[in-house]
Amino acid sequence: MEAEQSSPPPPSAGDDCLVFKVNGERFEVPDVDPSTTLLEFLRSKTRFKSVKLGCGEGGCGACVVLLTKYDTVNKKVENFTVSSCLTLLCSINGCSVTTSEGLGNSKDGFHPIHQRFAGFHASQCGFCTPGMCMSLFSALANAEKRNQAHASPGFSKLTVSEAEKAIAGNLCRCTGYRPIADACKSFAADVDLEDLGINSFWKKGDKKEVKLSRLPSYNPKDHTRPYTEELEDEYKSTRLLNSKKNSWYSPVTIEELQNLLHSDMVENGMRTKLVVGNTGNGYYKETDIYGKYIDLRYIPELSMVRKNNSGIELGAALPISKVILYLKEKSKDNECSSGDLLFTKIADHMEKVASGFIRNSASLGGNLVMAQRKYFPSDIVTLLLAVGSSVSILTGHKHETITMEEFLSRPPLDPKDVLLSVYVPFHEPTRIDGSVHTNSRNGSLVNNIRLAFGAYGTKHARRARKVEEYLTGKILSLRVLHEAIKLVKGAVVSEEGTSYAAYRSSLAVGFLFEFLNSFSSVASAISAGSSEELSGSVLKGAARSINDKISQTGRPPLLSSAKQVMQSSRDYYPVGEPMPKFGAAIQASGEAMYVDDIPSPPNCLHGAFIYSTRPVARVKSISFKSNQPTDVISIKDIPREGENIGCLSMFGSEPLFADDLTRFAGDLIAFVVAETQKNANLAAKTALVEYDTEGLDPPILTVEEAVERSSFFDVPPYLYPQKVGDFSKGMAEADHKILSALYLYLVCPF
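Please read these numbers as outputs of a predicted model, since none were measured by experiment. Residue positions are given per chain, counted from 1 along the sequence in the order it is written. Only residues with pLDDT of at least 70 get local features here, since the model is predicted, and only at 80 or more are side-chain atom pairs given and counted; chain-wide, interface and lining totals rely on the full set of residues. In computing side-chain properties, one takes all heavy atoms of the structure into account and sets aside hydrogens as well as water.

Enquirer: Can you help me understand the overall build of the protein chain in this one?
Expert: Across its full length, the protein chain holds 26 helices and 25 strands. Taking all 750 residues of the protein chain together, 47% fall into the buried category. Contacts were defined at the residue level, with two residues in contact if any of their heavy atoms lie within 4.5 Å. In the protein chain, the proportion of contacts linking residues at least 24 apart, taken out of those at least 6 apart, comes to 69%. Accessible areas in this description were obtained via Shrake-Rupley with a 1.4 Å probe; residue shielding takes into account the shown protein chains only. Element-wise, carbon and sulfur atoms account for 52% of the exposed surface of the protein chain, whose accessible area totals about 38800 Å². Here a helix means four or more residues in a row that DSSP labels H or I, a strand means two or more in a row labelled E, and each is numbered from the N terminus. Only protein chains enter the calculation, and the probe is 1.4 Å; a residue is then buried if its accessible area is under 20% of its type maximum, exposed if over 50%, and partly exposed in between.

Enquirer: Can you walk me through the pairing of strand β11 (residues 311-315) in this structure?
Expert: Two faces make up the sheet, and in a regular strand the side chains alternate between them. In terms of burial, β11 is a largely internal element, 5 of the 5 residues being buried. Burial of β11 is two-sided: the residues Gly-311, Glu-313 and Gly-315 facing one way and the residues Ile-312 and Leu-314 facing the other way are all buried. Here 3 bridges tie strand β10 (residues 305-307) to β11, and the two strands are oriented antiparallel to one another. Across the sheet, residue Lys-307 finds its bridge partner in β11, namely Ile-312. Two strands pair under a simple rule: DSSP has to find at least two bridges between them. Between the end of β10 and the start of β11, which pair antiparallel, lie 3 residues. Relative to strand β14 (residues 418-425), β11 runs antiparallel, the two being bridged by 5 bridges. Residue pairing for β14: Gly-311 is matched across the bridge by Pro-425.

Enquirer: Which parts of the structure should I look at to understand the sheet that holds strand β9 (residues 292-295)?
Expert: Each strand in a sheet pairs with another by means of backbone hydrogen bonds, the pair being arranged parallel or else antiparallel. Spatial ordering of the open sheet is given by β7-β9-β8, a layout of 3 strands whose pairing is parallel. The open sheet has two free edges, formed respectively by β7 (248-249) and β8 (272-275), since each of these has just one partner strand. By the bridge criterion, 2 bridges tie β7 to β9 in an arrangement that is parallel. Bridge pairing in β9 places Tyr-249 opposite Ile-294. In this description, a line fitted to the C-alpha atoms serves as the axis of each element, helices being fitted only across the stretch in contact, and the angle between N-to-C directions of two axes falls anywhere from 0 to 180 degrees. Running over the sheet, helix α10 (residues 254-261) touches β7, β8 and β9 and is turned about 165 degrees from β9.

Enquirer: Explain the sheet that holds strand β19 (residues 606-611) here, please?
Expert: On the basis of which strands lie adjacent, the open sheet formed by 3 strands has the order β19-β24-β21 and antiparallel pairing. The open sheet terminates on both sides in strands that have one partner only, identified here as β19 and β21 (630-633). When the angles between neighbouring strand axes are averaged without regard to direction, this sheet yields 30 degrees. Pairing analysis gives 4 bridges linking β21 to strand β24 (residues 668-674), with the strands arranged antiparallel. Each bridged residue has a counterpart across the sheet, and for Asp-631 the counterpart in β24 is Val-673. Across the sheet, helix α24 (residues 677-685) touches β19, β21 and β24, and the angle it forms with β19 is around 15 degrees.

Enquirer: Can you help me understand the pattern of salt bridges in this one?
Expert: A side chain of one charge can pair with a side chain of the opposite charge when the charged atoms of the two come close. Each reported salt bridge corresponds to a side-chain nitrogen of Lys or Arg within 4 Å of a carboxyl oxygen of Asp or Glu. Here the structure, examined in full by the defined rule, presents 27 salt bridges. Between Lys-328 and Glu-351 there is a salt bridge; the shortest N-O distance is 2.9 Å. Residue Lys-328 is found in helix α12 (residues 320-331), and its partner Glu-351 is found in the loop between α13 (340-350) and α14 (356-359); the two are separated by 23 residues along the sequence. Judged by relative accessible area, Lys-328 falls into the partly exposed class, the value being 28%. Taking relative accessible area as the criterion, Glu-351 reaches 36% and is therefore assigned partly exposed.

Enquirer: What exactly am I supposed to notice about the packing of helix α19 (residues 478-491) against helix α20 (residues 501-517) here?
Expert: Helix packing geometry: the angle between the two helix axes and the distance between the axes. Relative to each other, α19 and α20 sit at 150 degrees, their axes nearing to 9 Å. In this view, α19 runs roughly antiparallel relative to α20, as classed from their interaxial angle. Of the two possible hands of crossing, α19 and α20 adopt the one that is right-handed. Each of Leu-481, Ala-484, Ile-485, Val-488 and Lys-489 in α19 lies in contact with α20, whose residues at this interface are Ser-505, Ala-508, Val-509, Leu-512, Phe-513 and Leu-516. For this scheme, ten residues count as nonpolar: Ala, Val, Leu, Ile, Met, Phe, Trp, Tyr, Cys and Pro. Four count as charged, namely Asp, Glu, Lys and Arg, and the remainder, Gly too, count as polar. Within the contact of α19 with α20, the residues separate by chemical class into 9 nonpolar, 1 polar and 1 charged. Should an angle fall under 35 degrees it is taken as roughly parallel, and over 145 as roughly antiparallel, whereas 65 to 115 is taken as roughly perpendicular and any remaining angle as oblique. Left-handed is the label given to a crossing in which the near helix is rotated counterclockwise from the far helix by less than a right angle, and right-handed is the label when the rotation is clockwise.

Enquirer: Would you take a moment to explain the side chain of Thr-81 for this structure?
Expert: Secondary-structure assignment places Thr-81 in strand β5 (residues 76-83). Once residues within four sequence positions are removed from consideration, Thr-81 is found in contact with Val-64, Val-65, Leu-66, Met-134, Ser-135, Ser-138, Phe-357 and Asn-360.

Enquirer: Is there a simple way to explain the environment of Trp-202 in this structure?
Expert: Following the sequence through the fold, Trp-202 ends up in the loop between α6 (177-185) and α7 (208-214). Owing to a relative accessible area of 7%, Trp-202 belongs among the buried residues under this scheme. Taking the C-alpha atoms as reference, Trp-202 lies 9.7 Å from Gly-119; in sequence the two are 83 residues apart.

Enquirer: Mind showing me how you'd approach the packing of helix α15 (residues 364-374) against helix α16 (residues 379-386) here?
Expert: Running from amino to carboxyl end, α15 crosses α16 at an angle of 95 degrees, the nearest separation of the two axes being 9 Å. As summarised for this structure, α15 and α16 are arranged roughly perpendicular, according to the angle between their axes. Contacts from Leu-364, Asn-367, Leu-368 and Ala-371 of α15 reach α16 at Ile-380, Val-381 and Leu-384. Here the residues of the contact of α15 with α16 sort into 6 nonpolar, 1 polar and no charged.

This is how it looks when you write it as structure tokens:
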């Protein structure tokens, strides 16, 4: 078996001091909590505040930074974006980090990305803009490394489509994506400047030469390479962090990993966490404290790619983005041309999983283990199950290879078990799973087919074997399709308690119908309007849906399109003249200061609210799982001369803490105080609240219940509408009470 892209074993000796750079500044961190994220360090220990804590789950892109590290295999520097809110600080040892401030600033001059974001009005509140700038910068930097002709002056090697995709994982809640997309597309080599929206660089009707001269200049030599290609010799080798005091270990062999997993401390109950990208923490919030962190990225067997004549083996620690790259490369390989379509389809679908900055650090094995152990609804597992993949796992000192189906059906993996690799087989052209041969006279014959369904309310993705057995060897017809659909409804059944179970089942039916309908005999019958063999409401509904799609074929897919027409007038000049928003550039560079950017005073304590999970209940006690030093403030701590007032509004005062009873789910019941915000948040999340509902009426959950139980809210007279639409001034008192009850339900739904 041939091995490719394998990482040579680095030296086993490691440093106990964390060393890295941020925007060119060197940092040495001898002592750190291993659960500390890169975002926490940047915001609390450096002056670089452009990284923002948005969702804390890797889903919004407000915390995106560029990570630069040396690839010891290919002997070159690699650059990729990561979500700093999930990236553990210890995992960036020997790397260089670039934030938006590092690209440019008001003192040293703004980067063209900052200038174009400002000029195209692509920043409103500006909170998420630095992350967008870094996503675009990463795309520009990696495009310049491609072996293709240089773009025209002022532009990059990016295409319009790639420029739009660069910010696909960055969310904006106020600006709107048209001006943001315009700012990104202005760097594309194939952009038509006429397609770009209103901006402060040129006026409508200006010639192309004028527009080019006014667009902030971009030169890869000055605006990309200095940030991505310069790395000191100190960083051009693998730096290992092995620190007992920081509880972080970087094994370089399977044997070292086994010794760490089966050490006396672990056997005695110490919790151990295996780490690659830590992106799983965005989906499953960590509330446990681990005594040992083990970084799997430096074990060669977990990061290599092997291939032979029958398939390709992918190391479990490979980032999903690299898996996509390898699959696309193998699909172009002449030696495995039979797998072209299969590998391309897998890679294309994997590109729809998460965002680019998550795929850059999330590992293939981590995704599979979450699905097996915690029932994570993984698209990747469903794909690999459908193509007959297998996995290699290390259980104790035993190394075994099992099918993906067996892997999913086993009990949840033990924390000391390790997924080593995933094997994806090649398929002959005549034996591709889902192969259907079409004969113009007899119709389409199903040779063999594999159907995998995931995320339909079941714990794991599963095969629809009865449907496969029924379809294999049959010529497709509407009657055969109808029978297959009935079998699918029986095979894909959501577990009890699953939300929208009927809808999920209908999706499975629709997907199977759409796939099989693409073959000639069924498609022609439907498009011709034939209904002789149609029976059953599900089949008829699916047929109508597919008919609509068939009528829309041939239209070129557009990533995005928009048109804005404005009539200009000089009557109120200069009102209406496009001009950059004051402060937009410093928002893009990350220099704009928000409330959370204001430094905390020395010896400051931090807090987090504890919210009620029960409406109309008495709070008997509050306790905590963690042993972190905390204190709790509740209504009992308000002095006698004080008042329990959280805010004042036109409706009167609102209490800060719940009094005798919680009014609704989400009511504030206490405030946790700790030495760090992280500890306060953890304590609030893990708080154990004991409730008592004995002798209390059930909560009011509907407007009808509010009216029935005469639970009305007194609307102040000056807010009561005298005329709303067709309502007259003489509204009856009963109507007024119903309106009051409706208001109560909408504002305070307890």
